[in-house]
Amino acid sequence: MTHEEQIIERLKAEQMLSVGELNCLLTTKDTETVERLRAEARMAAQSVYGKQIYIRGLIEFTNYCKNDCYYCGIRRGNACAERYRLTEEQILSCCATGYELGFRTFVLQGGEDPYFTDERICDLVSAIKRAHPDCAVTLSIGEKERASYQAYFDAGADRYLLRHETADAVHYGKLHPEEMSLKNRMRCLRDLKEIGYQTGCGFMVGTPFQTTEMLADELAFLTQFKPHMAGIGPFLPHRDTPFKDFGGGSVQTTLKMLALSRLLCPEILLPATTALGTAAAGGRERGILAGANVVMPNLSPASCREKYSIYDNKLNMGAESSEGLAELAARMKKIGRVLATCRGDSLVKN
């Protein structure tokens, strides 16, 4: 048995690996090792969640943001961004359309927009839950005080997605302006779990200044924090950001990170992200075949989708959209999976 095979066997036994062992798998170019890693991750996902792929209806309701993160196309400093906000009526209409299509989770995602006060967010969540009491509501609206998170939860929010972007504080400082800190981001994630949310974190693969050791640290963080979900996708540059001249993250490394995350945290929910689908033809399917089990078609009004441009050439039509649900179902069937029209709660225990 090769050294790589021994490491994979330890993974299957849910043993935490050393940074050196994780580095070994992340850097290997041996095709048999890489394929076995993905195959083991596929089996791990199926053993927990079967062949079901959970769908979430993504509603990108505002592209205003008070932050100036160096990698993001909707950053405050991007004067070229065409800003918009959806009204409550528009958001509820998106949910109604999604419900008819079979969505039972709605994800309200946006920049950190001061217009959407705690009261407005609570009103939105309550309205969605009144209209669709059998559905889950996920919020992805950034860093807030604990009292705000509690208010949203009390209003009916079930899940919260807050990507931490990197578990390395120095690296975090290279991706964000100085008024932001990894310490506060981690405080938010702890607050969310303690309140009772199904909590999602996540990171980009291949961001500027990232090392393989940092990726190994990301995996260690996942095993320690035990999130209910993790969004993992390749870094893709945006033309109107300070990182415009950096290359995109590796698809192959992203697939390895998905597979390793699945094997280290078998019950975790892992989306095959839009970024992965944008970075490579068939990227969504490749993500699922590497252990992912969630897809998030876009329910936003078609007129707004291109304006939510967090990176260049972001997919928002076809199988990435609510209109393309039949196409998405056919693609899933082709790889032996089936779209699940249910809430699709995480099996990770708090």
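As a convention, each chain's residues are numbered from 1 in the sequence order in which they are written. The predicted origin of the model limits local features to residues at a pLDDT of at least 70 and limits the giving and counting of side-chain atom pairs to 80 or more, whereas totals for whole chains, interfaces and linings rest on all residues. To obtain the side-chain values, all non-hydrogen atoms of the structure were included, while hydrogens and water were left out.

Enquirer: Which parts of the structure should I look at to understand the overall build of the chain?
Expert: For the purposes of this entry, the term helix denotes a DSSP run of H or I that reaches at least four residues, the term strand denotes a run of E that reaches at least two, and both are numbered from the N terminus. The helix and strand tally for the chain stands at 14 helices and nine strands. Each radius of gyration reported is based on C-alpha atoms, and the globular scaling rule is 2.2 Å times the count of residues to the power 0.38. Against the compact-globule benchmark of 20 Å for 350 residues, the chain has a radius of gyration of 19 Å, which places it among compact chains. Each of the 350 residues in the chain was classed as buried or not, and the buried ones make up 61%. The criterion used for residue contact is that any of the two residues' heavy atoms lie within 4.5 Å. Residue pairs in contact within the chain that sit at least 24 positions apart in sequence constitute 74% of those at least 6 positions apart. About 14000 Å² of surface is accessible on the chain, with carbon and sulfur atoms providing 51% of the total. Exposure categories follow from relative accessible area, calculated using a 1.4 Å probe and restricted to protein chains: below 20% of the type maximum is buried, above 50% is exposed, and the middle band is partly exposed. Surface accessibility in these figures is a Shrake-Rupley result with a 1.4 Å probe; residues are shielded only by whichever protein chains are displayed.

Enquirer: When you look at helix α8 (residues 182-195) in this model, what are you seeing that I'm missing?
Expert: Along an α-helix, residues three or four apart share an orientation, since each turn contains 3.6 residues. Expected helix span is given by 1.5 Å per residue-to-residue step, counting one fewer step than there are residues. Its 14 residues place the ends of α8 20 Å apart at the C-alpha level, agreeing with the 20 Å of an ideal helix rising 1.5 Å per residue. Counting buried residues in α8 gives ten out of 14 residues, a clear majority hidden from the surface. Of all the positions in α8, only Leu 182, Arg 185, Met 186, Arg 187, Cys 188, Leu 189, Asp 191, Leu 192, Lys 193 and Ile 195 are classed as buried. Elements in contact with the buried residues of α8: α6 (146-155), β5 (159-161), α7 (169-175), β6 (198-205) and α9 (212-225). One or two steps after α8, the chain reaches Gly 196, where phi turns positive at roughly 120 degrees.

Enquirer: Is there a simple way to explain the sheet that holds strand β8 (residues 294-295) in this structure?
Expert: Each strand in a sheet pairs with another by means of backbone hydrogen bonds, the pair being arranged parallel or else antiparallel. If you walk across this open sheet you meet the three strands as β8-β1-β9, and the pairing is parallel. The open sheet has two edge strands with one neighbour each: β8 and β9 (338-340). Every axis in this analysis is a line fitted to C-alpha atoms, fitted for helices over the stretch in contact. Angles between the N-to-C directions lie between 0 and 180 degrees. Across the sheet, helix α14 (residues 325-334) lies against β1 (52-55), β8 and β9, angled at about 130 degrees from β9, the strand it touches most. Criterion used throughout: strands pair if DSSP finds at least two bridges between them.

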